[in-house]
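Now for the letters of each chain:
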Amino acid sequence: MATSAVARDVVFALRQKIAKIEGTLAERLVLPADGQPVAGLLVRRNGHASARDFFLPTGVERLDEVLGGGLPKAALTEIHGTETRNAGAAAGLALALVSGMLKERSRPSDLVLWVGTTEMFREAGLPYAPGLASFFGIPAESLLLAEAPKAADVLWIAEEAARIEEIAAVVVELRGNPRIVDLTATRRLHRRAQDSGRPVLLLRQSAEPEPTAAPVRLVVSPAPATLRQTLLGPLAGSIAAPAFAVEIGKSRTALPGSFILEWNLDARTLAERSPENRIAVVSPSRGRTHPPAQAGAVLAFKPAAVEAAGDQPPREQHPAHRRPRRTG
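Sequence positions are assigned chain by chain, starting from 1 and proceeding in written order. Selection of residues for local features in this predicted model requires a pLDDT of at least 70, selection of side-chain atom pairs for listing and counting requires 80 or more, and totals for whole chains, interfaces and linings are taken over all residues. Calculated side-chain values reflect all of the structure's heavy atoms, with hydrogen atoms and water omitted.

A. How the structure looks around the environment of Arg-191. A run of DSSP states H or I qualifies as a helix once it reaches four residues; a run of E qualifies as a strand once it reaches two. Both are numbered from the N-terminal end. Positionally, Arg-191 belongs in helix H8 (residues 183-196). Residues Arg-191 and Leu-76, spaced 115 residues apart in sequence, show a C-alpha to C-alpha distance of 8.3 Å.

Written out as structure tokens, the structure is:
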């Protein structure tokens, strides 16, 4: 029994040293004591910190639980779109995460830098500023766009921008698997993100997974939207909230998992799709915290009398019956 306890202490101490040596790892370390796990401990090179300092909650309870608290806040996070046609879904999830981060910071002066190659922007298009403000709550004046001809220039811009205090997040969008985006380059981005205390999102479109320094990799593809729900049931031909199929491709603290997430355009939050999680008939107003009290029953038309099966309406209700039939 004593030998087992000593072994646990040795393993825990080794994990602490590895975390300090890497200098960029913010993970949950749990030291069992007499079979009872103690509270989670977060270790980094500067000492100890709370989960709030390290993690950016996605708002999806099960996903945050699997990730150990959420996505690392001061770190490089990869978001992969395996095919070019999935570029919109991957970018949409990145914007949803940035929107949640800006909401948490609540600083009007915060800026978001979106930097990518000319090839990527020509293939998938530039972010549409009015749409970002309407769908994600990111003001047009808060979005900075930078276009560079080569991936090396994109990485340099991202590294320099991560130092600027006014920039709250950096989104790096690349296509394919450029040779220069290797373990060394991503380690530099990861270190800059931790030193500045802000996230850097590496948005890789039409790419294959490869070794990087990012603690978390999310593989994103579009998911079919559900029908909008009404009082009479699903509305045929309608489209409900945008949906993302998210898979945890890599994580230092979590097991692989798959999720279907929906983006609420009014509350601007992510939620996991489930049979109980349906879109409301009328979304709440953005400027109100509580919906108004419901009014009484309102009937637009007088209820019609129900006719018995097989009964024919009287002939006087159909003037067409009295008109001669058209011949010839």
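B. Focus on the nonpolar core. Remark: nonpolar core denotes a set of buried residues (Ala, Val, Leu, Ile, Met, Phe, Trp, Tyr, Cys) joined through side-chain atoms within 4.5 Å. Remark: exposure states derive from per-residue accessible area (1.4 Å probe, protein chains only) relative to the maximum for the residue type, with buried under 20%, exposed over 50%, and partly exposed in between. One finds Ile-79, Leu-93, Trp-114, Leu-218, Val-220, Phe-244 and Leu-270 to be the most contacted residues of the largest nonpolar core, which totals 40 residues. For this core, the secondary structure elements donating two or more residues are helix H4 (87-105), strand E9 (111-117), helix H6 (129-136), strand E11 (167-175), strand E12 (200-205), strand E13 (216-223), strand E16 (243-251) and strand E17 (258-264). If one sorts the elements of this core by residue count, H4 sits on top with 11 residues. Here, two residues are considered to be in contact whenever any of their heavy atoms come within 4.5 Å of each other. Here Val-220 is in contact with Ile-79, His-80, Gly-81, Thr-82, Asn-86, Ala-89, Ala-90, Leu-93, Phe-244 and Ala-245, once residues within four sequence places are set aside. Counting 22 residues, the second-largest nonpolar core is a separate cluster that includes Val-115, Ala-146, Ala-161 and Ala-214.

C. Here's a closer look at unusual backbone geometry. In this structure, Ser-206 is a non-glycine residue whose phi angle is positive, near 50 degrees. By the secondary structure assignment, Ser-206 is in the loop between E12 and E13. Here Ser-206 falls in the partly exposed class, since its relative accessible area comes to 25%. Positive phi outside glycine occurs at Arg-268, with the angle close to 55 degrees. Among the secondary structure elements, Arg-268 is positioned in the loop between E17 and strand E18 (269-272).

Note that all results are geometric; they support no functional claim without further evidence.
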